[in-house]
Amino acid sequence: MQTTITNLRCEQFENPVGIDREQPRLSWRLETGRRGARQTAYRITVSSQLGGPADLWDSGRVESDHTSEIPYQGTALTSGQRAHWRVEVWDETDASNSSPDAWWEVGLLNEGDWTAQWIGSSVLGGPRTSAPAPYLRKAFALDKPVTQARLYVTALGIYEAEINGQRVGDQVLAPGWTDYRKQVRYQTYDVTDLLQAGENGIGAVLGDGWYAGSVEWRGRQLYGDRPKLLAQLVVTHDDGSTTVVATDDSWRTSLGPILQADLLQGQHVDARLDLGAWTTAAYDDSKWQPVQTFPKAEGKLVAQNSPPVRVTEEIHPIAEPKTIHRWPANDHIFDLGQNMVGWVRLRVKGPAGTTIRIRFGEVLDDKGNLYTENLRSAQQTDFYTLRGGDEVEVFEPRLTFHGFRYVEVRGYPGDPKQDDLVGVVVHSDYPATGTFECSNPLINQLQHNIWWGWRGNSVDVPTDCPQRDERLGWTGDAQVFVRTAAYLAQVETFFEKYQQDLEDSQNEKGSIPPIAPDTSVVGGDGGPAWADAFVICPWTLYLCYGDKAVLERHYDSMKAFIGYLQSISRDYIRSYQGYEGFAGFGDWLSINAETPSDLIGTAFSAYSTELMARIAEVLGKSEDATEFWALHEKIKAAFNDRFVTPGGVVASGTQTAYLLALHFDLLPPELREKATEALVHDIKKRGTKLSTGFVGSPYLNHVLTANGRNDVAFDLLNQQDWPSWLYAVTKGATTIWERWDGWTHDKGFQDASMNSFNHYAYGAIGAWLYQSVAGIDVDPAQPGYKHIVMKPDVGGGLTYAKASYDSVHGRIESSWRTEDGRFEWDVTVPPNATATAYLPTKGVAPEVEGAERLGQEADRTLYRLPAGTYHFSTEM
Ligand code: RAM
């Protein structure tokens, strides 16, 4: 059976344009059904010409089983250069196979490559009022045929570019959100097909975006007073010469139909002001004004290096809209059946000047009205004023986004029908990698909610929520969820970008704020479990994708962070009583269970230091590793001294206190059992309920399962009264709620000032479902699923569970069912990986072809599995 080489990726993109890393990382996959298939060597060749000799790089035959993220090590490439590459792979039989050709193209590497100037309109809004969106354009002639054209473009704000009346690319909300004072990301588009010899037109419309529009609750203009554009079109002609068309003072600007484009407040459009075909060459712009030019932006121009934001799906209302009769205009409420993030597309016909108001909410109140109190100051309201005439008009705002399930349309001429409105789902366009299903439909709905919670809260930045006046890159939420996110999707470069956001927000003392990109709402130190995202997130990426680059890139800053933690600790206790700095958010939103800040602080200090020691080991920095381990010992000793009694009682006695002590392995081994008992006792005392907030919840079921109480883990999972994961599910939730008690029978809605129905943090239970219930996990000693730990923990009345995960090596599958006292298990190990299967068995362990028996551990038989598919059948 032959091996084919597929999935050729450069920096996780397929044949990308605009790569600016000096050593772009190359990856591929082996595809074959052959048992035990693995790579023994590879040879990468890179050429400046398609099919040409390897003039840029020939790695030679490298004896290695690595297939992912091999750094390019050839001749330095120049701006705009294209590199063609392929890889030859030798397998375990020493047969060799070559991949198809792939390529990447370099972006603009040097500031000097940019001749474009920042341009914008002279019209600007204020801290509370927005100005209409500026349109910017230029006509130009190309006197020779076009063989290739690239548009390098970005904005302070957000842009949508057009050439000759056609939209450039399919990204939305570009260039996304960074701390623009540090970094501004540009996008590169292949626009060859949009141009022609002769007359051409180019233009862009700008939204205020995160740069000049509303961000959280502080109003507008956080980074600058108005949006600006930077664009450089580089056209190559058939004779090899180039023409560059760049933004400068020859461009012209006008206001148009978009009266407001604000991410939080919404988009207002008056179609009567439509500009027509404003990027065609023939368009008459004599009434337009000259643009203003602006000095160079502070932030460094860097290429887009994470998944672009795109429309990924459209969903339809589940029923005809409900009409609420009001005076002077009726409301029509559409239900999309899913709490989602993006916008709607609305079809409408009616008299010119009719204005429709569209509001968005996650839930309805008990009278069936749209509930918007929990949005705080975010209006997320769109207005559309009709052009009029006989044609159906289509309204689709793209310079804003909303979080909603219900859409309230007021002022619609006549009665809208179900198919007049579509929900347009928008988020970072990463490949989905995980599927999970089991015999309990409520748990399947929970998994569905976790996935949608992640989708809506990954619009370029991992956010707490997507709807109210917040939508921020809260560090705590991100670290809580990153492991789950890495099951759901290929989020490596998404989180690498966030890691850069974190580093960009680090202050000179080494602290990491609660939010990145930093909006300086709360200040310089995010406190325990929040700031620690800086170490936890990259470590998780390393475990799940096996690449050291992110650890290397941020090593010095992470080390500075660990130094900072000690500088604010007293006798190794972080957030000690009496500490004058920010002691942290505690176990945020826990239920009647307060865990002291110094306990959480010291536990996370130990954990981050341990991870740092491991990171230093991985990077071969053994002196540092020794120091971090020594520091870790001291923090651990201080933790025990201060918070643990000789009998194994952990101070405060909360579930979270025990969870941190156990999960971070802070206790002497002989106290683990006692601590587990105490944890279980507290759970039972509360009626088999959890009391954990953001900090403890992600570890709860892991700790129970790892310490012999998988039964209690399942009892918590199956609990349907609040606080529990399934409570919201039984109340019809389609995403994860911010609070365990977002809505209850006796109290109704929780405090509107903080009650999001789309907050992914509690969705962190998702990782346990994949890891423990389905039994697919990484082995830290061979990260990136090179060696897979397959250890399903059966329980909770489930009769089957099945999951798949598309790892860097290919698809991993685990599917089990129980039947008449037997355990039937199907397993797939992708090529170039191995797995250890932990088969739960009472009786005689079966012989399975290709699986090597390794021995017995308690009630499980261990097998070593080379690549391939296997079926186990045994007595339970
Ligand atoms: C809330 C956010 C977030 C949390 C912080 C502490 O406002 O929604 O989820 O991390 O506070």
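Before reading further, recall that the structure is shown in the block above.
Residues numbered from 1 in each chain as written. Predicted model: local features only at pLDDT ≥ 70, side-chain atom pairs only at ≥ 80, totals over all residues. Heavy atoms only, no water.

(A) Molecular detail of the site of the ligand. Near the ligand, the surroundings consist of Asp464, Arg468, Glu470, Trp474, Asp477, Trp530, Phe585, Trp588, Phe694, Glu738 and His759. One of the side-chain N or O atoms of Arg468 is found 2.9 Å from an oxygen atom in the ligand. One of the side-chain nitrogen or oxygen atoms of Asp477 is found 2.6 Å away from an oxygen atom of the ligand. Protein chains bury 95% of the 290 Å² of accessible surface belonging to the ligand in isolation. Each residue belonging to the shell around the ligand can be placed in one class, and the counts come to five nonpolar, one polar and five charged. (Near = heavy atom within 4 Å. Polar contact = N/O pair within 3.5 Å; in protein donor to acceptor, adjacent residues only side chain to side chain. Areas by Shrake-Rupley, 256 points an atom, 1.4 Å probe, with all protein chains shown as cover. Nonpolar A, V, L, I, M, F, W, Y, C, P; charged D, E, K, R; others polar.)

(B) Broad picture of the sheet that holds strand β34 (residues 434-438). With antiparallel pairing, the five strands of this open sheet are ordered in space as β34-β41-β42-β43-β47. Looking at strand neighbours, the two that pair on one side only are β34 and β47 (868-875), the edges of this open sheet. Taken pair by pair, the neighbouring strands of this sheet meet at an average axis angle of 5°, ignoring direction. Strand direction decides the pairing type here: strand β43 (residues 822-829) and β47, joined by eight bridges, are antiparallel. Its bridge partner lying in β47, Glu824 is registered against Ser873. Helix α14 (residues 765-774) rests against β34, β41 (800-807) and β42 (810-819) of the sheet, and its axis sits at about 60° to β34. (Pairing = 2+ DSSP bridges. Helix = DSSP H or I, 4+ residues; strand = E, 2+ residues; numbered from the N terminus. Axes fitted to C-alpha atoms, helices over the stretch in contact; angles between N-to-C directions. Contact = heavy atoms within 4.5 Å.)

(C) Local environment of the sheet that holds strand β1 (residues 4-10). Taken in spatial order, the three strands of this open sheet run β1-β2-β5, and their pairing is antiparallel. Both outer strands of the open sheet, β1 and β5 (70-71), are each paired with one neighbouring strand and no more. Bridging between β1 and strand β2 (residues 25-31) involves five bridges; their strand directions are antiparallel. Counterpart to Thr6 in the pairing with β2 is Arg29.

(D) Local environment of the side chain of Asp532. Note that Asp532 resides in the loop between α4 (492-504) and α5 (533-545). Given the relative accessible area of 0%, Asp532 is considered buried. For Asp532, the side chain forms a polar contact with the side chain of Arg574, separated by 3.0 Å. Excluding residues that lie within four positions of it along the chain, Asp532 makes contacts with Gly527, Phe561, Leu565, Arg574, Phe604, Ser605 and Ser608. (Buried < 20%, exposed > 50% of the residue type's maximum accessible area, 1.4 Å probe, protein only.)

(E) Spatial organisation of the side chain of Asp331. Positionally, Asp331 belongs in strand β26 (residues 331-348). A relative accessible area of 0% places Asp331 in the buried class. Engagement of the side chain of Asp331 in a polar contact is seen with the side chain of Arg326, the distance being 2.4 Å. If sequence neighbours within four positions are ignored, Asp331 has contacts with Lys322, Thr323, Ile324, Arg326, Glu408, Val409 and Arg410.

(F) Up close: the packing of helix α11 (residues 697-706) against α14. The interhelical angle for the contact between α11 and α14, taken along N-to-C directions, is 30°, at an axis separation of 8 Å. By the angle between their axes, α11 is roughly parallel relative to α14. Contacts between α11 and α14 pair Asn701, His702 and Thr705 from the former with Ile765, Ala767, Trp768, Gln771 and Ser772 from the latter. For the contact of α11 with α14, the per-class residue count stands at three nonpolar, five polar and no charged. (Parallel < 35°, antiparallel > 145°, perpendicular 65-115°, else oblique.)

(G) Representation of the environment of Ala516 within the structure. As for its placement among the helices and strands, Ala516 is situated in the loop between α4 and α5. Remark: the alpha-carbon pair of Ala516 and Leu502, spanning 14 residues in sequence, is separated by 5.5 Å. Not counting chain neighbours up to four residues away, the residues in contact with Ala516 comprise Val461, Gly473, Thr475, Tyr498, Asp501, Leu502 and Ser505.

(H) Expanded view of the nonpolar core. Residues Trp454 and Phe872 are the most contacted members of the largest nonpolar core, which totals 212 residues. Listed in part, the 27 residues of the second largest apolar core include Ile119, Val168, Trp251 and Val291. (Core = buried A, V, L, I, M, F, W, Y, C linked by side-chain atoms within 4.5 Å.)

(I) Summary view of the pattern of salt bridges. On inspection of all chains with the given rule, the structure shows 63 salt bridges. Between Arg218 and Glu216 there is a salt bridge, with the nearest N and O atoms lying 3.3 Å from each other. Residue classification places Arg218 among the partly exposed residues on the basis of a relative accessible area of 38%. In this structure, Asp711 and Arg709 form a salt bridge, with 3.1 Å as the shortest nitrogen-oxygen distance. Residues joined in a network through salt bridges with shared partners are Glu11, Arg21, Arg25, Glu69, Glu496, Asp547 and Arg553. (Salt bridge = Lys/Arg side-chain N within 4 Å of Asp/Glu carboxyl O.)

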